[in-house]
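Listed below, chain by chain, are the residues.
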There are 2 protein chains.
Amino acid sequence: MVDQLRVGIAGLGVVGSAAFRLLERQADALAARTGCRIEVTAGAVRDRGKERGLGHTSPKMFDDPVALARAPDIDLFVELMGGDEGAARASVEAALEAGKHVVTANKALLAKHGLALAKAAEQKRVALAFEASVAGGIPIVKTLREGLAGNSIERVYGILNGTCNYILSRMEREELSFEECLKEAQRLGYAEADPTFDIGGFDTAHKLAILTSLAFGTSIDADAIHVEGIEGVTLADIKAAEDLGFRIKLLGVAQRTRNGIEQRVHPTMVHKSSALAEVMGVTNAVTIDADAVHELTLVGPGAGGEATASAVVADIADIAKGIRSAPFGLPAARLQKTEKLAMQRHEGGYYIRFSAIDQPGTIAAIAKRMAERQISLESVMQKSDPRAAGKPGAPVPVVLITYATTEELVRGAVDAIVADGTVAEKPQVIRIERQ
Amino acid sequence: MVDQLRVGIAGLGVVGSAAFRLLERQADALAARTGCRIEVTAGAVRDRGKERGLGHTSPKMFDDPVALARAPDIDLFVELMGGDEGAARASVEAALEAGKHVVTANKALLAKHGLALAKAAEQKRVALAFEASVAGGIPIVKTLREGLAGNSIERVYGILNGTCNYILSRMEREELSFEECLKEAQRLGYAEADPTFDIGGFDTAHKLAILTSLAFGTSIDADAIHVEGIEGVTLADIKAAEDLGFRIKLLGVAQRTRNGIEQRVHPTMVHKSSALAEVMGVTNAVTIDADAVHELTLVGPGAGGEATASAVVADIADIAKGIRSAPFGLPAARLQKTEKLAMQRHEGGYYIRFSAIDQPGTIAAIAKRMAERQISLESVMQKSDPRAAGKPGAPVPVVLITYATTEELVRGAVDAIVADGTVAEKPQVIRIERQ
């Protein structure tokens, strides 16, 4: 154990400056807890002129994060710039190469280069820690890597993107369309001007890639994840879900199946009585199913400067204490390669909403296509929009909830129903996640 | 780091045998994760003849746990016998004295002797780990000790006793009395023949004592906790809570106040929309309010052989990896002494249920006593039992919800109301915990 740990922070934006202030504010407590003085001795920023509220004790500033990463002034390099290439990648690689510990919140970098970085850290016997990269202030990395060390994990799933959860919560609460809620989220700063990365499920996929590796001992691979966003979720779906006892959440799910580890991100029906259904707004939550602990759920802030800084500081404190874990729990050489599983083989229940043409025999025709494929129906709901009621020929919403079946059978049935000409628009299919 | 960690388990009951099997089942994974073979080389049991499902690889058996604790056959002693004195205390002390790491699930032992044991462990530079002592499989000790290292914690509170939560959940769901639910809990094995320890809040207090020490850096002291059980909670309270948007839970709460650290265990009104309100049955949950992470909630199994064994094995894995934390986060010498705070100084909202005598002016008289003490009322509900309606002179339930005030003022008002002779029986007072 060293008596002093000199920290350099690259990127002093919202998270970086919060981490800096937290390390200062808690300096004595951290010294008592870790047996080591943790000091931010240097930083790197793009614009030195900007006011960052760092007080009087401004550390030595570098323009070039790679120079900071290599500087003899620091023992530990904190990367909070973001981006999966460029300065972030170059500086993290430089820091590991120089034998310095690395703490990062950069999920995109880990999703793309995590395995190579873990190998580099192992080779130099330094830490590569990334609690802040998934679910902000929730200590999910530590829980998977250490807290559940004795468990064989069956499934890990959760709400990992606050923007999507905010939009879905608000659609439900205020009966607004997806587009209206997205605009509101952008106005409030919960969504980017280009929201594709969040809304399309890609941010969730990066985080899920990290959780999968930790939970299942696989080599991180975001390309093995099936990704769908929430753009297609309509208010009609949210209301039908409500009527049937469900809520719609964008989940990232990694699950052990007989075909391998299935990784997927998509809008999902969760039972209203489940812990995840209760998680509203920008909050994140992760549930783990494992053989010994059975079910464990962690709920907390998924973003925000202070909450994310809390995770960064916890990583730094562990390193100060001398805790060294393999970045993904197992030595990099033991991480197993994963395959992207075909979603056609996915097994589970389904929500299917049809806009059925209002004529005799429509429901019978739909039900027949399901029965042909041995798909059992848990519930069938036909509920006309009161505003359209009475208008002859207006399409009638028909919602089915199936028992567990396969995606291949469901897609086959839906295609056959469309071919039958009994539906007025493209049917909506949303997977159900059982708790 | 050692290549092999030899474990001795004293107490091979439900948790001990589950831990033994888990260590065997996960032996390869644990070796890969920790860089160390973990082997149960010895055990101690009261009755050697009993079948424990340990398979063919039965370890060397001792009759005397103290002899096991001192045996050169082991590096780490696991205490799963229970009890705050006797064999448990003697063997844990002997193990620490002999320079062996200790893992225990024994909350009663820690609540009583935790400080002395932490000092002994520090002196010998060995680990004293007790994840399994609080909230079963939930990694709350690790979260407080490591995961939130950068936070200043304001409050930690939770549902820490499955028996009480089972009874309260069942009273609500099935509209049964406390006595009926207790009997059912005993029949199902969720409550002991003598249920005082659970029902009276003492088990929760032992667990809270541990959480308080970890969260606030105080020396563990269960005697500083104000303890009330759930015996006095009636179905009338549960129904009134429901009507007012609350649920009743037995909570353990430790909170930083301007008077010091307030520690209390009592039936509590929690808002139905809160994470804790959703926790039903034997499940446990803990919420932490802290300056950086804001609010974090962990939900999981609070008991059960496998879930508790999961926590025991996580502790063993950390020790195998070489992780050494001060047992209560800070060196024992730095833990601050706490005082038992007078509950009269408690500040918060209150639920008060009166059986008011049905005569003109009763509510006015009750309201006057509140107003005299500047107690503001958030809601007032007078709701007659339909079965009693029409019977002249039958008492009328009047329920008040107050805004934040002090216990002294509330007790004073209630005493004055009783002295006024306007109520038919002892009023019920239940504290409200704001989320």
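Cut-offs applied
Residues numbered from 1 in each chain as written. Chains lettered and ligands numbered in written order. Predicted model: local features only at pLDDT ≥ 70, side-chain atom pairs only at ≥ 80, totals over all residues. Heavy atoms only, no water. Helix = DSSP H or I, 4+ residues; strand = E, 2+ residues; numbered from the N terminus. Rg over C-alpha atoms; globule rule 2.2 N^0.38 Å. Buried < 20%, exposed > 50% of the residue type's maximum accessible area, 1.4 Å probe, protein only. Contact = heavy atoms within 4.5 Å. Areas by Shrake-Rupley, 256 points an atom, 1.4 Å probe, with all protein chains shown as cover. Lys, Arg positive; Asp, Glu negative; His and termini not counted. Charge placed at Lys NZ, Arg CZ, Asp CG, Glu CD. Pairing = 2+ DSSP bridges. Buried area = accessible area lost by both parts, 1.4 Å probe. Salt bridge = Lys/Arg side-chain N within 4 Å of Asp/Glu carboxyl O. Polar contact = N/O pair within 3.5 Å; in protein donor to acceptor, adjacent residues only side chain to side chain. Nonpolar A, V, L, I, M, F, W, Y, C, P; charged D, E, K, R; others polar. Domains from an automatic or database assignment. Least-squares fit on C-alpha atoms with pLDDT ≥ 70 in both. Axes fitted to C-alpha atoms, helices over the stretch in contact; angles between N-to-C directions. Parallel < 35°, antiparallel > 145°, perpendicular 65-115°, else oblique. Left-handed = near helix turned anticlockwise from the far one by under 90°. Phe/Tyr/Trp six-rings, centres within 6.5 Å; stacked < 30°, edge-to-face > 60°. Lys NZ or Arg CZ within 6 Å of the ring centre and 35° of its normal. Right-handed = clockwise from strand over helix to strand, strands pointing away. Core = buried A, V, L, I, M, F, W, Y, C linked by side-chain atoms within 4.5 Å.

## Observations regarding the overall build of chain A
Regarding its fold elements, chain A presents 14 helices and 17 strands. Relative to the compact-globule value of 22 Å for 435 residues, chain A shows a C-alpha radius of gyration of 24 Å, a close match. Overall, the C-alpha framework of chain A stretches about 80 × 45 × 35 Å when taken along its three principal axes. Counting all 435 residues of chain A, 59% fall into the buried class. Contacts in chain A between residues far apart in sequence, at least 24 positions, make up 75% of those at least 6 positions apart. Within the structure as shown, chain A displays about 16800 Å² of accessible surface, and the carbon and sulfur contribution to it stands at 49%. In chain A, 50 side chains carry a positive charge and 56 a negative one; their mean positions are 2 Å apart.

## Quick look at the sheet that holds strand β5 (residues 101-104) of chain A
Residue and element names in this part refer to chain A. A sheet is described by the order of its strands in space; here 6 strands give the open sequence β3-β2-β1-β4-β5-β6, paired in parallel fashion. Pairing within the sheet leaves two strands with one partner each, and these edge strands are β3 (60-62) and β6 (128-129). Alignment of strand β1 (residues 4-10) against strand β2 (residues 37-44), held across 7 bridges, turns out to be parallel. If you follow Arg6 over to β2, its bridge partner there is Glu39.

## Details of the interface of chain B and chain A
The partner chain A presents 49 residues to the 49 residues of chain B that form the contact. The contact between chain B and chain A buries some 3800 Å² in all, and 54% of this surface belongs to carbon and sulfur atoms. For the pair chain B and chain A, the interface holds 4 salt bridges. As a salt-bridge pair, A:Asp291 and B:Arg25 come within 2.8 Å of each other at their nearest N and O atoms. At the boundary of chain B with chain A, the tally comes to 16 residue pairs in polar contact (both at pLDDT 80 or more). Those elements giving two or more residues to the side of chain B that touches chain A turn out to be α1 (14-25), α2 (27-34), α6 (140-147), β12 (294-301) and α12 (305-321) of chain B. By residue class, the composition of the side of chain B that touches chain A is 23 nonpolar, 13 polar and 13 charged. Judged from the 3 bridges that link them, strand β12 (residues 294-301) of chain A and β12(B) form a sheet pairing that is antiparallel.

## Overview of the domain arrangement of chain A
Once the domains are mapped, chain A shows domain 1 (4-133), domain 2 (149-300) and domain 3 (344-433). Using only C-alpha atoms to locate each centre, domain 1 of chain A and domain 3 of chain A end up separated by 52 Å.

## A short note on the relation of the copies chain B and chain A
For the match of chain B to chain A, the screw axis carries a shift of 0.0 Å, the RMSD comes to 0.0 Å, and the turn is 180 degrees. Here the copies are linked by what is in effect a two-fold axis. Considering only C-alpha atoms, the residue of chain B closest to the rotation axis is B:Leu298, which sits at 2.3 Å. By residue overlap, the copies meet face to face through one surface: 100% of the interface positions of chain B are interface positions in chain A.

## Points about the packing of helix α7 (residues 162-174) of chain B against helix α8 (residues 178-187) of chain B
Residues and elements named next belong to chain B. In the contact formed by α7 and α8, the axes pass within 9 Å of each other and the chain directions differ by 125 degrees. Judged by the inter-axis angle, α7 sits oblique to α8. Crossing geometry of α7 relative to α8 is assigned as right-handed. Residues Tyr166, Ile167, Arg170 and Met171 of α7 touch α8, and the partners they reach there are Phe178, Cys181, Leu182, Glu184 and Ala185.

## Details of the packing of aromatic side chains
When we look at a pair of aromatic rings, we describe it by the centre distance and by the angle of the planes. Residues and elements named next belong to chain A. This model, assessed by the stated rule, comprises 4 aromatic pairs over all chains. Their ring planes at 70 degrees and their centres at 4.8 Å tell us that Tyr166 and Tyr190 sit as a pair that is edge-to-face. Within this pair, whereas Tyr166 is found in helix α7 (residues 162-174), its partner Tyr190 is found in the loop between α8 (178-187) and α9 (196-199), the two being separated by 24 residues in sequence. The ring of Phe130 carries the charged tip of Arg145 above its face, separated from the ring centre by 5.8 Å.

## Thoughts on the pairing of strand β5 (residues 101-104) of chain B
Residue and element names in this part refer to chain B. Side chains His101 and Val103 project from β5 onto one buried face, and the interleaved Val102 and Thr104 project onto a second face that is buried too. One crossover worth recording links strand β4 (residues 76-79) to the parallel β5 by way of helix α4 (residues 86-97), and it is right-handed. Here β5 pairs with strand β6 (residues 128-129) via 2 bridges, running parallel. Paired with Val102 across the bridge in β6 is Leu128. Handedness of the β-α-β unit built from β5, helix α5 (residues 107-124) and β6 comes out right-handed.

## A short note on the environment of B:Ser379
Structurally, the position occupied by B:Ser379 is in strand β14 (residues 377-382). For B:Ser379 and B:Glu180, which are 199 residues apart along the polypeptide, the C-alpha to C-alpha distance reads 31 Å.

## Topic: the nonpolar core
Generally speaking, soluble globular proteins have nonpolar side chains that are buried together. Residues A:Ile167 and B:Ile167 are the most contacted members of the largest nonpolar core, which totals 173 residues. If we skip the residues at most four places from it in the chain, B:Ile167 touches B:Phe178, B:Cys181, B:Leu182, B:Ala185, B:Ile199 and B:Ile230.

## Some points on the side chain of A:His206
Looking at where A:His206 falls in the secondary structure, it is placed in helix α10 (residues 202-216). Residue contacts for A:His206: discarding those within four places in its chain leaves A:Lys107, A:Ala108, A:Ala111, A:Phe197 and A:Ala222.

## A look at the packing of helix α13 (residues 362-372) of chain A against helix α14 (residues 407-420) of chain A
All names here are of chain A. Axis separation between α13 and α14 bottoms out at 9 Å; the angle between their running directions is 145 degrees. The way α13 lies across α14 gives a crossing that is right-handed. Residues Ile366, Arg369 and Met370 of α13 touch α14, and the partners they reach there are Ala413, Ala416, Ile417 and Asp420.

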